[in-house]
Structures are given as structure tokens and as C-alpha cells.
Amino acid sequence: RKILVPKQIVEAAKDLEGTLEAVLFTEKMEQIQRLPVSELAERLQQVEGVDTVVFDGVITQRLVDVANEKNVKYLVAARISDVIKQPLNLHLLTFADIKD
């Protein structure tokens, strides 16, 4: 069952596959920044107004915690780590969830 998300998220997911990069979006789906996944948790703590994060990597508890702190609504990644405590207001999706 596919989950409907804005086309910018689907395009970003396709674009990022295999790059080990991340893209940060505002609520209006405007791209804020593109960066290496290795810098994602750190940058996320510094950048304001992030609504959606799409990245070629694994959603970890640390990323979930940082994203939740910053009121991010969507984390979209290649995979989700096994042990995740998911906050109620944060949606975790994989590329497989959103691709047609």
C-alpha cells in the first residue's frame, strides 16, 4: 500500500537513491538544503523551519529524537532501523512506502 506524499518527496527520494545525501524541505515543500547524510543529525539541530527530511540512509533513534525536537513532520529514508520509539507527531516512511 503506497502512501501519498507531495511529488517533491517522491522526486527527492528517486534523486537521492545511492547518493548518501539528504534534502531538507519546508512545509511548503521548498528545498532548504542538500547535504551528506553524515552531517544530517548535526545540521538538523541548527536549521529552523524543517518540515520534511528525505535521505538515502537509515532512520535511527538519534535522528528521530532530533527531528522530533525540531518539530519535523516527516522522515523519509531508504530504511528504518529495527528499534525505534516513534513520537506521535512524526511520520517515518521508507522509499518503498512512497514509490509507485
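Shown above is the structure to which this text applies.
Now for a description of the structure that goes with this document. Keep in mind that what you see is a predicted model, and the values were worked out from it rather than measured. All residue numbers here refer to positions counted from 1 along the written sequence of the relevant chain. A pLDDT threshold of at least 70 governs which residues receive local features in this predicted model, and a stricter bar of 80 or more applies before side-chain atom pairs are shown or counted, although totals over entire chains, interfaces and linings include all residues. For the side-chain quantities, the full set of heavy atoms in the structure was used; hydrogens and water were omitted.

## Things to note about the sheet that holds strand β4 (residues 74-80)
Stage number 1. When DSSP finds two or more bridges between a pair of strands, those strands are recorded as paired. Labels follow the DSSP assignment, with helices taken as runs of H or I lasting at least four residues and strands as runs of E lasting at least two, numbered in each case from the N terminus. Strand order in the open sheet formed by 5 strands is β2-β1-β3-β4-β5, with mixed pairing between adjacent strands. Each end of this open sheet is capped by a strand with a single partner; those strands are β2 (31-36) and β5 (91-94). Neighbour to neighbour, the strand axes of the sheet diverge by 25 degrees on average, direction disregarded.
Stage number 2. For strand β1 (residues 21-25) and strand β3 (residues 52-59), the ladder comprises 4 bridges, and the chain directions are antiparallel. Paired with L24 across the strands is V53, a residue of β3. Axis lines are fitted through C-alpha atoms, for helices just across the contact stretch, and the angle between N-to-C directions can take any value from 0 to 180 degrees.

## Observations regarding the nonpolar core
Stage number 1. What we call a nonpolar core is a set of buried Ala, Val, Leu, Ile, Met, Phe, Trp, Tyr and Cys residues that are connected through their side-chain atoms within 4.5 Å. Burial classification: accessible surface area is computed with a 1.4 Å probe over protein chains only, and a residue below 20% of its type maximum counts as buried, one above 50% as exposed, and the rest as partly exposed. Counting 20 residues, the largest nonpolar core has L24, L44, V53, F55 and L75 as the members making the most contacts within it.
Stage number 2. Contributions of two or more residues to this core are made by β1, α2 (40-46), β3, α3 (61-69) and β4.
Stage number 3. Sort the elements by how many residues they give to this core and α3 lands first, with 4 residues.
Stage number 4. Working rule for contacts: check all heavy atoms of both residues, and any pair within 4.5 Å makes them a contact. In this structure, V53 is in contact with V23, L24, L40, L44, V72, Y74, L75 and V76, ignoring residues within four places of it in sequence.
Stage number 5. Among the nonpolar cores identified, the runner-up in size contains 14 residues, and V23, M29, V76 and I98 belong to it.

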